[in-house]
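# Summary of the model geometry
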Amino acid sequence: MSAAIEDLPLDRVDGPIVILTGAGISKESGIDTFRDKGGIWSRHSLEEVATPEGYAADPEKVHDFYNQRRRDLLSADIRPNPAHEAIARLEAGWPHRVLTVTQNIDDLHERGGARQLLHMHGELLKMRCEDCAGVHDWREDATVQSACPACGRTGRLRPHVVWFGEMPFFMEEIERALAEAALFIAIGTSATVYPAAGFVMAARDYGCPLTLEMNLEETDASGVFRHALEGPAGETVPALVKRLLSARGG
């Protein structure tokens, strides 16, 4: 059952905070979601454009897919929203570590001001060389002829994103953060895809006293959280951050 912000025991939170964000927080900035009705996977075959096998079979098609995602992200009308900016304020004002773990491959958290950030599914604005393992900032289109800025080889650059069947990044660091968290928040994610779906239970098993889901509506995972807030992230997240910081005199 959804709670009201004023009913949450936020004054008891005294320690590190871990925030998991998903597609819902970026959707409010105009970023296409993948799994929603009408989302990207309803228009593209994930097996063809988001798996190692699909890339091996047709790398040009995969590059074209991510080139379009990159162009969309860099368009003038895509900007961080109040939820991204509120998380950055919390990070700056909270007396303990605030770590944001995002499933999103966009850079809206960075643009919103966040600095303690882990992209567990990679980053759209980076490319990785399969030969030298170098990771490079990348804002233009990529093709099979694109050369690695480090080793100079062509045909070996791939999007620096985690495809289906691959292990997400930073899992050990995320596990350590969950073990120390005094508050775990999931924002804009259905929390149904593992390993991210298991973070709330990991936090609870480690003894995290407060777990909070923030989404537009109840999800299949809502019952696992101690509390839930329903509503647009652009409204609920700034309100939550204001309450947290005011409880600490910020």
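Our subject is the structure that appears above.
Keep in mind the model is a prediction, meaning the values are calculated, not measured. (Residues numbered from 1 in each chain as written. Predicted model: local features only at pLDDT ≥ 70, side-chain atom pairs only at ≥ 80, totals over all residues. Heavy atoms only, no water.)

## Digging into the pairing of strand S6 (residues 157-161)
Our working rule: Exposure categories follow from relative accessible area, calculated using a 1.4 Å probe and restricted to protein chains: below 20% of the type maximum is buried, above 50% is exposed, and the middle band is partly exposed. Under the scheme used here, helices are H or I runs from DSSP no shorter than 4 residues and strands are E runs no shorter than 2 residues, and both carry numbers assigned from the N terminus. What makes two strands pair is DSSP finding at least two bridges between them.
Across the 5 residues of S6, 5 count as buried, placing the element largely inside the fold. For strand S4 (residues 122-129) and S6, the ladder comprises 4 bridges, and the chain directions are antiparallel. Residue pairing across strands places Cys 129 opposite Leu 157, the latter belonging to S6.

## Focus on the environment of Pro 9
Which entries qualify depends on this criterion: In what follows, a contact means two residues having at least one pair of non-hydrogen atoms within 4.5 Å.
Turning to its location among the elements, Pro 9 is positioned in the segment before strand S1 (17-21). On the basis of relative accessible area, Pro 9 is assigned to the buried category, the value being 18%. Expressed as a C-alpha distance, the spacing of Pro 9 and His 227, which sit 218 residues apart in the sequence, is 9.9 Å. Discounting chain neighbours no more than four positions away, the residues touching Pro 9 are Leu 210 and His 227.

## Topic: the packing of aromatic side chains
As a reminder, the rule being used: Only Phe, Tyr and Trp rings are paired, with Trp represented by its six-membered ring, and only when their centres lie within 6.5 Å; those with planes under 30 degrees apart are stacked, over 60 edge-to-face, the remainder tilted. Criterion for a charge above a ring: Arg CZ or Lys NZ at most 6 Å from the ring centre, at most 35 degrees from the ring normal.
Summed over the entire model, instances satisfying the criterion amount to 4 aromatic pairs. Arranged with centres 6.2 Å apart and planes meeting at 75°, the rings of Phe 169 and Phe 170 form a pair that is edge-to-face. Note on Phe 170: relative accessible area 39%, which makes it partly exposed. Arg 69 extends its terminal NZ or CZ atom over the ring of Phe 65, reaching a point 4.7 Å from the ring centre.

## Some details on empty space enclosed by the protein
For clarity, the cut-off: Space inside and on the surface of the protein is sampled on a 1 Å grid over the protein atoms alone, with a cavity defined as a set of points where a 1.4 Å probe fits but cannot get out and a pocket as an open set with protein on both sides within 12 Å along at least 5 of 7 lines; lining residues have an atom within 4 Å of a point. Grid points are joined across faces, edges and corners, and a volume is the space filled by probe spheres set on the points.
What the rule picks out here adds up to 1 cavity of 30 Å³ or more. Those elements that provide at least two residues to the lining of the largest cavity are helix H5 (82-93), strand S7 (183-187) and helix H9 (233-247). Here the lining of the largest cavity takes 4 residues from H9, the largest share from any one element.

## Describing the pairing of strand S8 (residues 210-215)
Burial analysis of S8 places 6 of its 6 residues in the buried class, which makes it a mostly covered element. Residue alternation in S8 divides its side chains into two sets, Leu 210, Leu 212 and Met 214 and Thr 211, Glu 213 and Asn 215, and both sets are buried.

## Topic: the sheet that holds strand S2 (residues 98-102)
In plain terms, the rule: To get an axis, fit a line to the C-alpha atoms, keeping to the stretch in contact for a helix; angles then go from 0 to 180 degrees between the N-to-C directions.
Strand order in the open sheet formed by 6 strands is S3-S2-S1-S7-S8-S9, and the pairing between neighbours is parallel. The sheet is open, and its two edges are formed by strand S3 (117-119) and strand S9 (227-230), each paired on a single side. Geometrically, the sheet is characterised by an average inter-axis angle of 15° between neighbouring strands, direction not taken into account. Where S8 lies against S9, 4 bridges are found, and the strand directions are parallel. Paired with Leu 212 across the strands is His 227, a residue of S9.

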